[in-house]
Amino acid sequence: MILLFIISAINIANVSGVIGPVSAEYIVSAIEKAESESADCLIIKLDTPGGLDESMREIIKKMLNAKIPIIVYVHPSGGRCASAGVFITYAAHIAAMTPGTNIGAAHPVAMGGKMDEEMKAKVTNDAATYIKSIAEKRGRNKEWAEEAVRKSVSVTEKEALKLDIIDIIADNITELIEKLDGKEVEIDGEKTIIHTKDKEQKEITWTTRQNILEKLSNPNIAYILLMLGIYGLIAEFSHPGAIFPGVFGAVSLVLAFFSFQILPVNYAGLI
């Protein structure tokens, strides 16, 4: 049975930078918002060097169980979709890229040090199996996906289209929406036809809280906070009872630990 998907609005989310707890929260909330508003279509404009495995899996889990068509669009020109971004793109119902972008280099790496050979093999095998399972579900090129994980291969948008990694090449969001019209996807085992012609576009903005937390995730800011935290505590221990240096140092350390992704948002807030 084929359902006719009449889209009342096309929701658009924008993700640029490292995939972490904040961007995962934003994407998950964007999907939930699109579903609750019966928008029936969400385009995620993506430009990322990669990110955390846990955050990536949280996003993919939501995408694979979404009740609406999810389109990942690697954009703008000059952007890239690497590492965790490859997994996220593969999980989309429809994957698209703009000219002048690339996708690939999804080999897992460890934060804060090297892995021994046995652990490296375990992590690589797990990542390769994971992306192959996503590729099979979405009908994408699983051989290339495995190579992207094991050999860090990367391709241009034209090569990606030829290799069945993506479905569409579009110069801009307007062209993408035109090419999406009439596309067929599968949701909950049922074929769904997307109609995007003359539909309203709705941007899903980042909240003030998400913007602040995303800025704190910058590695440069993380190291500054770490130094401020250490010196604040040193000042407190040197002058017991001063209070302010100790409080300032403790808060800076908590924010630094969040920035380094050691603490998730909820625990950082609790502390």
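Look up a bit, the structure's there.
Residues numbered from 1 in each chain as written. Predicted model: local features only at pLDDT ≥ 70, side-chain atom pairs only at ≥ 80, totals over all residues. Heavy atoms only, no water.

A. Fine view of helix α4 (residues 117–138). Given a rise of 1.5 Å per residue, 22 residues ought to cover 32 Å, and the 32 Å separating the end C-alpha atoms of α4 matches this to within 8%. Turning to α4, its buried residues are Thr124, Ala127, Ala128, Tyr130, Ile131, Ile134, Ala135 and Arg138. The arc that holds the buried residues of α4, viewed along the axis, is 165°, so those residues lie on one side. More than 90 degrees from the buried face of α4, the exposed residues found are Glu118, Thr129, Glu136 and Lys137. Buried residues belonging to α4 abut α2 (53–64), α3 (84–90), α5 (142–150) and β10 (184–187). Immediately beyond the C-terminal end of α4, within one or two residues, lies Gly139, with a positive phi of roughly 70°. (Helix = DSSP H or I, 4+ residues; strand = E, 2+ residues; numbered from the N terminus. Expected span 1.5 Å × (residues − 1). Buried < 20%, exposed > 50% of the residue type's maximum accessible area, 1.4 Å probe, protein only. Arc of directions from axis to C-beta. Contact = heavy atoms within 4.5 Å.)

B. Examining the packing of helix α1 (residues 21–36) against helix α8 (residues 208–216) more closely. Close contact between α1 and α8 brings their axes to 9 Å; oriented N to C, the two are set at 150°. The angle between the axes of α1 and α8 places the two elements in the roughly antiparallel class. Seen from α1, the contacting residues are Val22, Ser23, Glu25, Tyr26 and Ser29; seen from α8, they are Arg209, Gln210, Leu213 and Glu214. Per-class residue counts for the contact of α1 with α8 are three nonpolar, three polar and three charged. (Axes fitted to C-alpha atoms, helices over the stretch in contact; angles between N-to-C directions. Parallel < 35°, antiparallel > 145°, perpendicular 65-115°, else oblique. Nonpolar A, V, L, I, M, F, W, Y, C, P; charged D, E, K, R; others polar.)

C. Quick peek at the packing of aromatic side chains. In the structure shown here, the tally under the stated rule is four aromatic pairs. On the basis of an interplanar angle of 25° and a centroid distance of 6.0 Å, the ring pair of Phe87 and Tyr130 is categorised as stacked. Pair noted here: Phe87 is in helix α3 and Tyr130 is in helix α4, with a separation of 43 residues, a long-range link. Side by side, Phe87 and Tyr130 carry an identical accessibility label, which is buried. (Phe/Tyr/Trp six-rings, centres within 6.5 Å; stacked < 30°, edge-to-face > 60°.)

D. Structural detail: the sheet that holds strand β5 (residues 80–82). Reading across the sheet, the three strands line up as β5-β7-β8 and stay open at both edges, with mixed pairing between neighbours. Only two strands of the sheet have a single neighbouring strand rather than two, namely β5 and β8 (154–156). Adjacent strand axes in the sheet meet at a mean angle of 10°, parallel and antiparallel pairs treated alike. Here three bridges tie strand β7 (residues 102–104) to β8, and the two strands are oriented antiparallel to one another. When the sheet's bridge partners are listed, Gly104 is paired in β8 with Ser154. (Pairing = 2+ DSSP bridges.)

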